[in-house]
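As a plain string of letters, each chain reads:
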Amino acid sequence: MFSMCGIVGHVSSEDSTRSEDVVMGGLARLEYRGYDSAGIAVGSSTGMTVVKAVGKLENLKAELATAGDLSGRGAIGHTRWATHGQPTTANAHPHTSLDGDLVLVHNGIIENAQTLRTSLQAEGYKFVSDTDTEVVVHLLAREFLADDEEGDRFGREVEIHGVPQDARGTAGALARAMNRVMRWIDGTFTLLAMHAEAPGVIVAARRSSPLVIGLGEGENYLGSDALAFCEHTHDALEVGQDQLVVVTATDVTVADIDGNQVQPKKLTVDFTHDRASKDGWPTYMEKEIHEQPRAIADTLADRLDSEGYLTLDELRIPAQVLRTVDKMVIVACGTAAYAGQVARYAIEHWCRIPVEVELAHEFRYRDPVVTEKTLVVAISQSGETMDTIMAIRHAREQGAKVVAVVNTPGSTISRESDAVLLTHAGPEIAVASTKAFTAQITATYILGLYLAQVRGNKFIDEIQDYLDKLAEIPHKVETVLSRAETVRQTARMLAQETSVIYLGRHVGFPVALEGALKLKEIAYIHAEGFAAGELKHGPIALIEDGQVVIIIVPTPRRPQLHRKVVSNIQEVRARGARTIVIAEDGDNSVDDYADVVFRVPPTPTLYAPLLSVIPLQIFACELATAKELDVDQPRNLAKSVTVE
């Protein structure tokens with residue numbers, strides 16, 4: 001099951017429209033997590049106001065325009081990717097208690113929701129939605145009303161600070177109620193709750209679902225991603241597994257599920273607001289495609305010490321442990337898995353150890369062979385991919401060391417791994433991943449070269465040469481981007497196609513898979529990527545007159561590999577296919593067999609995917625645009641898959 005909803009919260013010390021503005025701005029930046037419906041609840045000294053709408057955030061904005069004054073001391077908001085129940089106003093968050101005083105938003109799935117619902121219905125609780133979240137709000141309301149303790153203490157050693165005197169009892173009771181509810185619900189959740197009697201207090205809880213706290217001056221923020229508040233602060237706190245948080249305008253109190261106060265880890269949000277906005281581009285996807293030179297360069301930056309040795313300060317696994325590794329397993333999903341497939345070719349070549357690439361959602365179910373000498377590499381843009389989280393937990397149970405390759409510091413995968421390698425790509429908001437893919441390849445290449453250095457597979461001058469050539473890639477990507485018009489024209493001409501086949505060999509094969517995925521994701525066109533050598537073993541039956549086939553051609557400096565792919569082009573062309581070829585500058589051998597050629601600068605074979613994928617990204621983006629589709633928010637998809 002999947003749940004990728006976005007949640008935002010804000011509290012301040014005085015009634016104003018600040019909370020509404022902050023939450024709506026945060027939801028706009030988190031809409032990539034879901035856009036089936038959206039809602040906001042604002043708490044003020046006069047009570048709680050809830051506004052919801054079906055569809056994208058613009059529909060909620062239209063509702064707010066007629067809702068009157070929404071000044072308040074705090075607000076919580078939600079943008080939904082539907083799991084339990086269809087996208088309707090009743091199923092949209094926030095959900096409210098029967099008396100309307102308590103409101104709650106939720107990201108995740110409550111696995112025992114039906115059992116709890118049946119029990120609550122027997123007690124007389126009426127349900128108005130089909131969601132699992134409404135179960136939680138009624139449980140919370142029941143426990144809040146039953147609370148018989150006084151004051152703002154909710155654990156043996158925990159005292160809430162920053163709460164006005166007249167709201168302390170309410171804040172403490174709500175925190176205690178949330179603590180009890182956490183023990184009863186199974187599944188994954190991030191919960192944010194507010195009560196009308198304490199409008200400047202948000203009580204939150206987290207289990208296997210993302211939550212970050214932003215720290216401001218006289219105000220504080222909550223979000224399922226730091227993107228939610230990056231416009232306002234770069235100072236943040238990580239919220240750990242099974243922790244409960246009470247946030248006021250001036251303080252943040254964190255406790256574990258046993259009621260013991262804990263000190264959360266501080267986090268710096270390392271991207272600016274402009275990197276989270278379109279900044280003049282028509283879509284986020286197009287902007288992010290053009291940010292790839294910077295993403296690759298930033299991922300490469302500051303990796304050498306004064307003596308020229310590759311150093312990974314964040315990779316805190318002892319060298320002697322890395323020297324004993326006899327197998328590497330890369331676990332990932334979707335685009336990240338294709339980045340892992342590219343990396344496999346390089347790491348095996350450099351380190352001479354076997355590398356397996358596993359879809360994370362299949363990994364633990366097939367009883368994989370993992371030992372203390374296995375190095376598991378988890379690749380995830382968000383660091384919150386639940387399938388990958390479960391895979392690394394299984395791997396660590398078997399004694400393996402885990403390295404996380406993520407774009408989000410402080411994410412669950414980064415916290416639960418033995419070491420972290422950040423991609424430094426900046427926020428990626430378009431649902432279809434682009435710059436994360438090339439940054440992930442870059443990061444895994446750095447990891448591979450570091451392993452080769454530590455294990456003695458490569459001399460320092462060899463590693464330096466590999467890094468020097470890798471450092472040339474950002475400029476070469478800029479060259480490919482400058483040639484985009486030919487790609488765009490071709491895409492517009494093919495906007496009415498219903499099927500496209502992608503072919504590649506060696507590192508070109510996972511690029512073909514990634515190119516096909518992009519077209520499926522945003523243009524809703526059936527597309528398949530195949531290993532070119534597999535063509536004669538079945539897929540060639542699909543070739544008929546007019547079938548569009550895109551072929552990634554390797555460098556002619558690998559003549560045997562190159563000849564094979566040129567032969568594949570001839571094979572499909574002889575059967576009536578229209579061929580689009582990605583080839584190096586100067587490779588004229590493909591001209592007679594290609595309807596269109598997209599040129600890329602010459603580059604070493606292992607680095608070619610960082611260039612050849614760029615035209616495929618542009619092609620998909622432009623074709624979807626020509627079909628007047630929503631490039632950034634394709635149907636049925638959301639950016640982060642945070643539940644299995």
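Everything below is about the structure shown above.
Rules used in this analysis
- Residues numbered from 1 in each chain as written.
- Predicted model: local features only at pLDDT ≥ 70, side-chain atom pairs only at ≥ 80, totals over all residues.
- Heavy atoms only, no water.
- Helix = DSSP H or I, 4+ residues; strand = E, 2+ residues; numbered from the N terminus.
- Buried < 20%, exposed > 50% of the residue type's maximum accessible area, 1.4 Å probe, protein only.
- Contact = heavy atoms within 4.5 Å.
- Areas by Shrake-Rupley, 256 points an atom, 1.4 Å probe, with all protein chains shown as cover.
- Lys, Arg positive; Asp, Glu negative; His and termini not counted.
- Charge placed at Lys NZ, Arg CZ, Asp CG, Glu CD.
- Core = buried A, V, L, I, M, F, W, Y, C linked by side-chain atoms within 4.5 Å.
- Pairing = 2+ DSSP bridges.
- Axes fitted to C-alpha atoms, helices over the stretch in contact; angles between N-to-C directions.
- Arc of directions from axis to C-beta.
- Expected span 1.5 Å × (residues − 1).
- Polar contact = N/O pair within 3.5 Å; in protein donor to acceptor, adjacent residues only side chain to side chain.
- Phe/Tyr/Trp six-rings, centres within 6.5 Å; stacked < 30°, edge-to-face > 60°.
- Lys NZ or Arg CZ within 6 Å of the ring centre and 35° of its normal.
- Salt bridge = Lys/Arg side-chain N within 4 Å of Asp/Glu carboxyl O.
- Right-handed = clockwise from strand over helix to strand, strands pointing away.

Draft legend 1. Examining the overall build of the protein more closely. Regarding its fold elements, the protein presents 19 helices and 24 strands. Expressed as lengths along the three principal axes of its C-alpha atoms, the size of the protein is roughly 80 × 55 × 45 Å. In the protein, which comprises 644 residues, the proportion classed as buried is 61%. Residue pairs in contact within the protein that sit at least 24 positions apart in sequence constitute 73% of those at least 6 positions apart. Summed over all atoms, the accessible surface of the protein reaches about 23600 Å², with 46% contributed by carbon and sulfur. Distance between charge centroids for the protein: 6 Å, based on 61 positive and 88 negative side chains.

Draft legend 2. Seen up close, the nonpolar core. Counting residues in each nonpolar core, the largest one holds 121 residues, and the members touching the most others are Leu-60, Tyr-445, Tyr-502, Leu-519 and Phe-619. Contacts of Tyr-502, omitting those with residues within four sequence positions, involve Ala-512, Gly-515, Ala-516, Leu-519, Ala-527, Glu-528, Gly-529, Phe-530, Ile-550, Leu-616 and Phe-619. Judged by nonpolar contacts, the second largest core, of 37 residues, contains Phe-127, Val-163, Ile-185 and Ala-198.

Draft legend 3. Geometry of the sheet that holds strand E16 (residues 355–359). Taken in spatial order, the 5 strands make up an open sheet running E16-E15-E17-E18-E19, and their pairing is parallel. In this open sheet, the two strands that pair with only one neighbour each are E16 and strand E19 (419–422). Taken pair by pair, the neighbouring strands of this sheet meet at an average axis angle of 20°, ignoring direction. Across 6 bridges, strand E17 (residues 374–380) lies against strand E18 (residues 401–406) in parallel orientation. Across the sheet, the residue bridging to Val-376 is Val-402, located in E18.

Draft legend 4. Examining helix H2 (residues 57–64) more closely. When we look at burial in H2, the residues that qualify are Leu-57, Leu-60 and Leu-64. Projected down its long axis, H2 carries its buried residues within an arc of 55°, all on one side. In this structure, the buried side of H2 is in contact with helix H1 (18–30), strand E2 (37–44) and strand E3 (47–54).

Draft legend 5. Here's a closer look at helix H4 (residues 133–146). Spanning 14 residues, H4 covers 20 Å between terminal C-alpha atoms, matching the ideal 20 Å at 1.5 Å per step. Every buried residue of H4 is accounted for by Thr-133, Glu-134, Val-135, Val-136, Val-137, His-138, Leu-139, Leu-140, Ala-141, Glu-143 and Phe-144. Of the surrounding secondary structure, the elements contacted by the buried residues of H4 are strand E5 (95–96), strand E6 (102–110), helix H3 (113–122), helix H5 (168–184) and strand E7 (187–195).

Draft legend 6. Broad picture of the side chain of Ser-97. Relative to the helices and strands, Ser-97 is located in the loop between E5 and E6. Residue class for Ser-97 comes out buried when judged on its relative accessible area of 6%. Engagement of the side chain of Ser-97 in a polar contact is seen with the backbone nitrogen of Asp-101, the distance being 3.5 Å.

Draft legend 7. Structural view of the pairing of strand E4 (residues 72–80). The element E4 is extensively covered by neighbouring structure, given that 8 of its 9 residues are classed as buried. Judged from the 7 bridges that link them, strand E1 (residues 6–16) and E4 form a sheet pairing that is antiparallel. In the sheet register, Val-11 faces E4, and the bridge partner there is Gly-74. Inspection of the sheet shows E2 paired to E4 by 7 bridges, in the antiparallel sense. Within E4, the residue paired with Gly-43 across the bridge is Gly-74.

Draft legend 8. Representation of the sheet that holds E7 in the model. Taken in spatial order, the 6 strands make up an open sheet running E5-E6-E7-E8-E12-E13, and their pairing is antiparallel. Each having just a single partner strand, E5 and strand E13 (252–256) make up the two edges of the open sheet.

Draft legend 9. Highlighting the packing of aromatic side chains. Counted under the stated rule, the structure contains 4 aromatic pairs. In this structure an aromatic cluster arises from ring pairing among Trp-350, Tyr-445, Tyr-466 and Tyr-607. Seen from the ring of Tyr-524, Arg-635 lies directly overhead, with NZ or CZ sitting 3.9 Å from the centre.

Draft legend 10. Structural view of the pattern of salt bridges. This structure, assessed with the given rule, holds 31 salt bridges. Of the charged contacts, one joins Arg-142 and Glu-143 as a salt bridge, the two residues approaching to 3.3 Å between their closest N and O atoms. Assessed through its relative accessible area of 10%, Glu-143 is described here as buried. Notably, a salt bridge pairs Arg-488 with Glu-286, separated by 3.3 Å at the nearest N-O pair. Taken as a pair, Arg-488 in helix H16 (residues 484–493) and Glu-286 in helix H6 (residues 284–290) lie far apart in primary sequence, 202 residues in all. Take Glu-286: its relative accessible area is 13%, and that puts it in the buried class. Several salt bridges converge on common partners, so that one network encompasses Glu-286, Glu-485, Arg-488, Arg-492 and Glu-622.

Draft legend 11. Examining the pairing of E16 more closely. Here 5 bridges tie strand E15 (residues 327–332) to E16, and the two strands are oriented parallel to one another. Across the sheet, the residue bridging to Ile-330 is Val-357, located in E16. Handedness of the crossover joining E15 and E16 through helix H9 (residues 334–351): right-handed.

Everything listed here is a matter of geometry and, on its own, says nothing about what the molecule does.
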